[in-house]
Amino acid sequence: MQASALNTPDQGQGRTASSLSRPRLSEFLNLQAEEILLAWDEFAATVDHDGKALDPVALRDHAAEILKTIAADLSQPQSAAQQDAKGKGLGPRNHLPTPAETHADFRMVAGFAVDAMITEYRALRASVLKIWARHGGGTEPEDLTDLTRFNEAIDQAIAESVGRYTKQTGSAMELFIGILGHDIRNPLGTIMMSAAVLQRTGQLTPAAVAPINNAALRIKGIIEQVVDFTRAQADGVMPIVRTPGNLAEQVAKVVDETQIRHPVRLIVLEADGDFNGSWDEGRMGQLVSNLLANALLYGAADTPITVKMWTSLADVSMSVHNHGRPIPEGERERIFQPLERGWQQRADGEARETSGLGLGLYICREIVQSHGGQLHLESTEAGGTTFTATLPRHERAIATRPRIHAA
């Protein structure tokens, strides 16, 4: 390999007399490590870590090893290809966790957000350059090479830390979903089954069992919403399994079940067309159930809720309409965001924030997105509120987010 292809530490050629007495950046990092790490400690102490008090050892964490790794890297020759790879966060590594990856593990446990961890590296970079300049660094031509390689090494460390943090967060999410899906759902099923047995054997009256079942169903619904939210956030799209079926038949089942649970309300289903296609039946049930729950909660109690279905050659559309207080224009984007609750009009005319997690409409949006469809909202004083979902009969390319139109 030609010498020009390597970035090698200068051995003195072309350096001024003053620069010959000053160490290169790689040596400087080792000589001034304590001063640099003190600056790191001061910054780390200002970062919010969920109210936890961290001692100086925890604050410094693996900063010394990160600094030592960077210094060692700067002291080694580097080809143009290695330089390019490192600038993209693809530097060489072995099977053992790097100091930057271990640092990410400890910061995650300590309660640091990923952006706070990245800011630590920014502070480290700034501290090194400030202290180096104070000692005369950055004044010689060879200093530009050192500076470039130092920035590449910091970028590599950031890539390793963020990659590790993201991987560990994903593992924690999977564990969380597993706990909800197994360790909580199973006891809940036992409660519901036991209540049914007690009713059949005459030990509890239907009136006594009803609150137990309603409470269990509510908890089950919350668990499902949290699991769906977590998966959608982790994977970027809600997972679905398409199977051939008639969407009108699936929607009719949900409408009938909802009508039984709300006998004093009137829910009307109107369907015309060919509704055969490929859908995730469970997700479609969630979509209709959530939209109906929203209409029951916010719609005028003395007016019907109407579910309409119609078709085109490639798509199937359905809408859920209710009369009542319109959704304010400024709220029409917010209500589709996770953990956002709406306001319910009380009998006395006052509005109050509804209970629940605020995930219902967010999950509706994710279900529509996962099927490659669109969600449309119209809400006026005269016409009421209508949510319309348009879904392709068969799988097509999925956008990152469905288009939500607020009229």
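Visitor: Hey, could you run me through the side chain of E120 in this one?
Guide: Mapped onto the elements, E120 comes out in helix α8 (residues 114-134). On the basis of relative accessibility, which here comes to 2%, the residue E120 falls in the buried class. At a separation of 2.6 Å, a polar atom in the side chain of E120 contacts the side chain of R107.

Visitor: Sorry, what's going on with the nonpolar core here?
Guide: It is characteristic of soluble globular proteins that their nonpolar side chains tend to be buried jointly. Judged by nonpolar contacts, the single largest core of 37 residues is most densely connected at L247, L287 and L292. Going through the elements one at a time, α11 (247-261), α12 (281-298), β6 (305-311), β7 (315-322), α13 (360-370), β10 (374-380) and β11 (384-392) are the ones with two or more residues in this core. Counting residues per element, this core draws most heavily on α12, which supplies 7 residues. The next biggest cluster of nonpolar side chains, apart from the first, holds 26 residues, and it includes L25, A104, V128 and I154.

Visitor: Can you walk me through α13 in this structure?
Guide: Within an α-helix, residues lying three or four positions from one another point in the same direction, as the helix has 3.6 residues per turn. Of all 11 residues in α13, 10 are buried; the element is thus mostly enclosed. Looking one or two residues past α13, G372 carries a phi angle of roughly 75°, positive in sign.

Visitor: How should I be thinking about the pattern of salt bridges in this particular structure?
Guide: Pairing between side chains of opposite charge can happen when the charged atoms of each approach one another. Per the counting criterion, the structure on display carries 9 salt bridges. Where D146 meets R24, a salt bridge forms, and the shortest distance between an N and an O atom there is 2.6 Å. Note that D146 is positioned in helix α9 (residues 141-200) and R24 in the loop between α1 (17-20) and α2 (25-31), a separation of 122 residues in sequence. Each member of the pair D146 and R24 is classed as buried.

Visitor: Is there a simple way to think about the side chain of R283 in this case?
Guide: Examined against the element boundaries, R283 turns out to sit in helix α12. Side-chain polar atoms of R283 contact the side chain of Q286, separated by 2.7 Å. Leave out the neighbours within four places in its chain, and R283 touches D228, M238, P239, I240, I367 and H371.

Visitor: When you look at the packing of α12 against α13 in this model, what are you seeing that I'm missing?
Guide: To describe two helices that pack against each other, one gives the angle between their axes and the distance between the axes. Packing of α12 against α13 leaves a shortest axis separation of 9 Å and a crossing angle of 145°. When the axes of α12 and α13 are compared, the crossing they make is left-handed. Across the interface between the two elements, R283, M284, Q286, L287, N290, L291 and N294 of α12 pack against G360, L361, I363, C364, I367 and V368 of α13. Tallied by class, the residues present in the contact of α12 with α13 amount to 8 nonpolar, 4 polar and 1 charged.

Visitor: Sorry, what's going on with helix α7 (residues 99-110) here?
Guide: For α7, spanning 12 residues, the distance from its first C-alpha to its last is 16 Å, which sits close to the expected 16 Å at 1.5 Å a residue. One or two positions beyond α7, positive phi appears at G111, with a value near 95°.

Visitor: Just checking my understanding: could you explain the pairing of β7 for this structure?
Guide: Regular strands show a simple pattern: their side chains alternate between the two faces of the sheet. Most of β7 is tucked away, with 8 of its 8 residues classed as buried. Side chains D315, S317, S319 and H321 of β7 all project onto a buried face; the interleaved residues V316, M318, V320 and N322 project onto the opposite face, where all are buried too. The pairing of β6 with β7 spans 6 bridges and is classified as antiparallel. Bridge pairing links K308 to S319 in β7. Here β6 folds back onto β7 in antiparallel fashion, the turn holding 3 residues. Two strands pair when backbone bridges link them, and β7 and β11 are joined in this way by 8 bridges, in the antiparallel orientation. Along β11, the bridge assignment pairs S317 with T390.

Visitor: What exactly am I supposed to notice about the packing of helix α5 (residues 63-74) against α7 here?
Guide: Orientation of α5 relative to α7, taken along the N-to-C sense of each, is 160°, at an axis distance of 9 Å. It follows that α5 is roughly antiparallel to α7 by the angle criterion. Two packed elements cross with a definite hand, and for α5 against α7 that hand is left-handed. Contacts from E65, I66 and T69 in α5 reach P99, A100 and H103 in α7. Its residues placed into classes, the contact of α5 with α7 shows 3 nonpolar, 2 polar and 1 charged.

Visitor: Explain the environment of Q76 to me, please; I cannot follow it from the model alone.
Guide: Residue position: Q76 is located in the loop between α5 and β2 (78-79). Sequence separation between Q76 and S26 is 50 residues; the distance between their C-alpha atoms is 9.4 Å.

Visitor: Just to check I follow, could you spell out the confidence of the model for the protein chain for this structure?
Guide: Note: predicted coordinates in regions of low pLDDT should not be interpreted at a detailed level. Within the protein chain, residue pLDDT values average 78, and 74% of them lie at 70 or more. Taken as a whole, residues 10-14 scores under 50 in pLDDT and shows 4 contacts with residues more than four places along the chain or in a different chain. Contacts for the low-pLDDT stretch residues 344-353, under 50 throughout, to residues beyond four places or in other chains number 16 contacts.

Visitor: What is the right way to read the environment of H376 from this model?
Guide: Inspection of the secondary structure puts H376 in strand β10. Look at H376 and you get partly exposed, because its relative accessible area is 26%. Distance in space between the C-alpha atoms of H376 and R365 is 9.8 Å, their sequence separation being 11 residues. At a separation of 3.1 Å, a polar atom in the side chain of H376 contacts the side chain of E378.

The rules behind the values
- Residues numbered from 1 in each chain as written.
- Predicted model: local features only at pLDDT ≥ 70, side-chain atom pairs only at ≥ 80, totals over all residues.
- Heavy atoms only, no water.
- Helix = DSSP H or I, 4+ residues; strand = E, 2+ residues; numbered from the N terminus.
- Buried < 20%, exposed > 50% of the residue type's maximum accessible area, 1.4 Å probe, protein only.
- Polar contact = N/O pair within 3.5 Å; in protein donor to acceptor, adjacent residues only side chain to side chain.
- Core = buried A, V, L, I, M, F, W, Y, C linked by side-chain atoms within 4.5 Å.
- Salt bridge = Lys/Arg side-chain N within 4 Å of Asp/Glu carboxyl O.
- Contact = heavy atoms within 4.5 Å.
- Axes fitted to C-alpha atoms, helices over the stretch in contact; angles between N-to-C directions.
- Left-handed = near helix turned anticlockwise from the far one by under 90°.
- Nonpolar A, V, L, I, M, F, W, Y, C, P; charged D, E, K, R; others polar.
- Expected span 1.5 Å × (residues − 1).
- Pairing = 2+ DSSP bridges.
- Parallel < 35°, antiparallel > 145°, perpendicular 65-115°, else oblique.
- pLDDT = per-residue confidence, 0-100.

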